[in-house]
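Summary of structural features
Each chain is listed here by its residues.
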Amino acid sequence: MRHHVIAQRLISALDLGSAPIALTFVDSAPDGLPAAAQPRPSACSFWRDAEHGTFFASAVAHLNCALGAMVMGFDLPAETYRTLGDIVTMMCECSYLDPIEADKVPSMAGPSNGIVYGPLAQHPLPPDLVLMWLSPKQAMLFNEAAGTASWAAGSTAVTGRPACAALPLASADAVPTMSFGCTGMRTFTEVADDHMLSVVPGQRLERFTAAVEGTQKANHAMTRYYQQQKEQLAAVDVER
């Protein structure tokens, strides 16, 4: 299905305030596609840039964020690897990260040589991952559509720091994943405090879109039921 159709269905079903973006990991820059316009301080900074246009960001362009570059699965030059070690040490020393977590942070299977970013609606390649910003209400619908709200299924935890770890988790397990984010993500992306990150693996995109549409209809039916119940009880109170 064409990407712009899927994008519009997601926007409609989730009532998104910003359009979904797509990421595709590639071995080389596609012909005719612009490179990232300027250096960015983090991997997650590219997510916000992708809301406004399609571009290629090389592995090197991600190295300002050693942790994000590692999570994205890029080969790290020796200098960046040393920087990563310094960052992890600092995180542990200030009790942001427990030392036993240091070697358990997920990373994308790779390596690749860069990522094509852009709005899903105009993405030129099959997306590996689709990212969306969600409010709590939208996250509720996402959770139900992903199947992780089911009491009959094993629940998938919502991730936290680092926010970008949600990408390799979604990719490796082929499961839609959410992250509360991390302080780095909120600093670099400046996303609203009342929004969180969600990630849909590309191979699940059409199925998830249909599921979220079904979830929306189910919640509309429940809203009507609850509203009627509320009105009936209000009427009884008036009669009293």
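Scroll up to find the structure this text is about.
Below: a short report on this structure. (Residues numbered from 1 in each chain as written. Predicted model: local features only at pLDDT ≥ 70, side-chain atom pairs only at ≥ 80, totals over all residues. Heavy atoms only, no water.)

Points about the layout of surface pockets
Heads up, the rule is: Put plainly, a pocket is an open set of points on a 1 Å grid over the protein atoms alone with protein on both sides within 12 Å along at least five of seven lines, a cavity is a set where a 1.4 Å probe fits but cannot get out, and a lining residue has an atom within 4 Å of a point. Grid points are joined across faces, edges and corners, and a volume is the space filled by probe spheres set on the points. Counting from the N terminus, the helices are DSSP H or I runs at least four residues long and the strands are E runs at least two residues long. When residues are grouped by polarity, Ala, Val, Leu, Ile, Met, Phe, Trp, Tyr, Cys and Pro land in nonpolar, Asp, Glu, Lys and Arg in charged, and all others, Gly among them, in polar.
Quantified by volume, the largest pocket comes out at close to 570 Å³. Mapped by element, the contributors of at least two residues to the lining of the largest pocket are helix H3 (66–71), helix H4 (78–93) and helix H7 (183–189). In this model, the second largest pocket occupies a volume close to 280 Å³. For the second largest pocket, the lining is made up of 16 residues, of which Lys-137, Met-140, Leu-141, Asn-219 and His-220 are closest to its centre. For the lining of the second largest pocket, the secondary-structure elements that each account for two or more residues are helix H1 (3–14), helix H5 (136–146) and helix H8 (205–239). With six residues, the top contributor of residues to the lining of the second largest pocket is H8. Considered class by class, the residues forming the lining of the second largest pocket number six nonpolar, seven polar and three charged.

Digging into a nonpolar patch on the surface
The line we're drawing: Patch definition: residues above 30% relative accessible area lacking any salt bridge, with like charges linked at up to 9 Å and the nonpolar side chains Val, Leu, Ile, Met, Phe, Trp and Tyr linked at up to 5 Å. Working definition of accessibility: Shrake-Rupley area with a 1.4 Å probe, residue cover restricted to the visible protein chains. A pairing counts as a salt bridge when a side-chain nitrogen of Lys or Arg comes within 4 Å of a carboxyl oxygen of Asp or Glu. Burial classification: accessible surface area is computed with a 1.4 Å probe over protein chains only, and a residue below 20% of its type maximum counts as buried, one above 50% as exposed, and the rest as partly exposed.
Residues Met-222, Tyr-225 and Tyr-226 make up a contiguous nonpolar surface patch of about 330 Å² in total accessible area. The class for Tyr-225 is partly exposed, based on a relative accessible area of 45%.

What about H1?
Selection rule: For a helix, the expected span equals 1.5 Å multiplied by the number of residues minus one. To be clear, the arc concerns the directions from the helix axis to the C-beta atoms.
With twelve residues, H1 extends 16 Å between its outermost C-alpha atoms, agreeing within 8% with the 16 Å of an ideal straight helix rising 1.5 Å per residue. Among all positions in H1, only Ile-6, Ala-7, Leu-10, Ala-13 and Leu-14 are buried. Take H1 and look down its axis: the buried residues cluster within an arc of 140 degrees, on one side only. Just downstream of H1, Asp-15 is the residue with a positive phi angle, here 55 degrees.

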